[in-house]
Amino acid sequence: MANEALIVIDVQNDFCPGGALAVAGGDQVVPVINALIGRFEHVVLTQDWHPAGHSSFASSHPGKAPFETVEMAYGTQTLWPDHCVQGTAGAAFHPGLEWTSAEMIIRKGFRKAIDSYSAFFENDHETPTGLSGYLRERGISRVTLAGLATDFCVAYSALDARRQGFDATAILEGCRAIDLGGSLATMTAKMKEAGVTLA
C-alpha cells in the first residue's frame, strides 16, 4: 500500500452534531475513519480553515440567508452559516478522530475571497492546494477518501483526484451528506461518471 493514501476530509466539530454546519450523523464517520487510518501507511487530512468574515458566509452578504446562492467571479457560490473559523473550537478535528499519524494537513478556504471544497483546488478550479504535487513526489497513485460531506468536499476532492490522474475510491460508509436540493444524487452520479469507485 506504499502507493496509496487515505485522504480524510473535514472531520471537524462544526460539521458534526452540535456544530455550526452540522451534517446529520457526521460523528458516525469517526470510528469508520479511525479503522481506515489504521490500515494506511499514508494519511492526509483536510481542514476547513476560514478567516472571520469569509466571502462564503451568508453573514458577509446583507439580506442573504444560509443556503442561498450568490454569483462570484468563479461561479455560483452556496452561502453557508459561519463555520470552521480559524482557531475556533468548531474548526478543530472531532476529538474522537485518531489523526495523529497523519503526514500532512491541507488547510483550505483560508483565502477570504474564494471558497474551497476540494482537497486539490480552490473553487475556481485553478488555484492548487499543492496536494497533487505532494502525492506525486511521494509516489502515490491511488487515493481513498472519506469524511464530510459526501456531496460537497468529498465529491469535489474525488473528482479532482480523477482529473489529476489518480485512482480514487470514496468509502461511503465513512461519509455523510448535506443533500442540499438533491446534491447527493447529483454528485454521486458525477463521481461514477468520472470513474470514482464508490465502496
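One structure accompanies this document, and this report is about it. (Residues numbered from 1 in each chain as written. Predicted model: local features only at pLDDT ≥ 70, side-chain atom pairs only at ≥ 80, totals over all residues. Heavy atoms only, no water.)

1. So, the packing of aromatic side chains
Selection criterion: Two aromatic rings from Phe, Tyr or Trp, using only the six-membered ring of Trp, form a pair when their centres are within 6.5 Å; if the ring planes differ by under 30 degrees the pair is stacked, by over 60 it is edge-to-face, and anything between is tilted. Each helix is a run of DSSP H or I of at least 4 residues and each strand a run of E of at least 2, with the numbering of both proceeding from the N terminus. Only protein chains enter the area calculation, which uses a 1.4 Å probe; residues under 20% of their type maximum are buried, those over 50% are exposed, and those in between are partly exposed. Comment: the charge-over-ring label is applied if NZ (Lys) or CZ (Arg) is within 6 Å of the ring centre and within 35 degrees of the ring normal.
Summed over all chains, the structure comprises seven aromatic pairs. On the numbers, 5.6 Å between centres and 80° between planes, the contact of Tyr117 with Phe152 is edge-to-face. Of this pair, Tyr117 sits in the loop between strand 5 (104-108) and helix 2 (131-137) while Phe152 sits in helix 3 (residues 150-163), placing them 35 residues apart in sequence. Per residue, the accessibility class of Tyr117 equals that of Phe152, and both read buried. Three or more aromatic residues joined by ring pairs form one cluster here, namely Phe67, Trp80, Tyr117, Phe152 and Tyr156. Over the face of the ring belonging to Trp49 we find Arg107, whose NZ or CZ atom lies 3.7 Å from the ring centre.

2. A closer look at the sheet that holds strand 6 (residues 142-148)
The condition is simple: Here, a strand pair is defined by DSSP locating no fewer than two bridges between the strands.
The strand order across the open sheet formed by six strands is 5-2-1-6-7-8, and the pairing between neighbours is parallel. Where the open sheet ends on each side, the last strands, each with one partner, are strand 5 and strand 8 (197-198). Bridging between strand 1 (residues 4-9) and strand 2 (residues 42-48) involves five bridges; their strand directions are parallel. Counted as the bridge partner of Val8 is Leu45 from strand 2.

3. So, the pattern of salt bridges
How we decide: By definition, a salt bridge exists where a carboxyl oxygen of Asp or Glu is found within 4 Å of a side-chain nitrogen of Lys or Arg.
Counting across every chain of the model gives nine salt bridges. The salt bridge involving Asp167 is made with Arg162; its shortest N-O contact spans 4.0 Å. Relative accessible area serves as the criterion here: at 27%, Arg162 is assigned to the partly exposed category. Three or more residues are tied together by salt bridges with common partners; here these are Glu4, Arg142, Arg162 and Asp167.

4. Concerning the environment of Arg138
Counted only if it meets this: Note on contacts: a residue pair is in contact if any heavy atoms of the two residues lie within 4.5 Å. In protein, a polar contact requires one atom able to donate a hydrogen and another able to accept it; more generally it is a pair of N or O atoms within 3.5 Å, and residues adjacent in sequence count only if both atoms are side-chain atoms.
With respect to the helices and strands, Arg138 occurs in the loop between helix 2 and strand 6. Looking at Arg138, the relative accessible area reads 38%, which means it is partly exposed. Here the alpha-carbon distance between Arg138 and Pro95, two residues 43 residues apart in the chain, equals 29 Å. Non-local contacts of Arg138, meaning those with residues more than four positions away in its chain, are made with His42 and Glu103. At 3.1 Å, the side chain of Arg138 forms a polar contact with the side chain of Glu103.

5. A short note on empty space enclosed by the protein
A water-sized probe, rolled over the atoms, reveals where empty space remains. Quick reminder of the rule: Of the two site types, the cavity is a set of points on a 1 Å grid over the protein atoms alone where a 1.4 Å probe fits but cannot get out, and the pocket is an open set with protein on both sides within 12 Å along at least five of seven lines, each lined by residues with an atom within 4 Å of a point. Grid points are joined across faces, edges and corners, and a volume is the space filled by probe spheres set on the points. Throughout, the ten residues Ala, Val, Leu, Ile, Met, Phe, Trp, Tyr, Cys and Pro are labelled nonpolar, Asp, Glu, Lys and Arg are labelled charged, and all others, Gly among them, are labelled polar.
According to the stated counting rule, one finds one cavity of 30 Å³ or more in the structure shown. Along its surface, the largest cavity is lined by 15 residues, and Phe15, Leu21, Trp80, Phe152 and Cys153 are the ones closest to its centre. Taken together, the residues of the lining of the largest cavity sort by class into 10 nonpolar, three polar and two charged.

6. Details of the layout of surface pockets
Within this model, the largest pocket holds a volume of roughly 280 Å³. Looking at the largest pocket, it is lined by 17 residues, and the ones nearest its centre are Thr76, Thr78, Tyr117, Phe152 and Tyr156. Every element with two or more residues in the lining of the largest pocket is listed here: strand 4 (75-78), helix 3 and helix 4 (183-194). Classifying every residue of the lining of the largest pocket by side-chain character gives six nonpolar, nine polar and two charged.

7. Observations concerning unusual backbone geometry
Backbone geometry follows two general trends: most residues other than glycine have a negative phi, and most peptide bonds adopt the trans configuration. Backbone torsion omega between Leu148 and Ala149 reads -10°, so that peptide bond is classified as cis. Topologically, Ala149 is positioned in the loop between strand 6 and helix 3. One non-glycine residue with positive phi stands out, namely Phe67, at about 80°. Looking at the secondary structure, you find Phe67 in the loop between strand 2 and strand 3 (69-72). Unusually for a residue other than glycine, Cys84 sits at a positive phi of about 50°. Considering the arrangement of structural elements, one finds Cys84 in the loop between strand 4 and strand 5.

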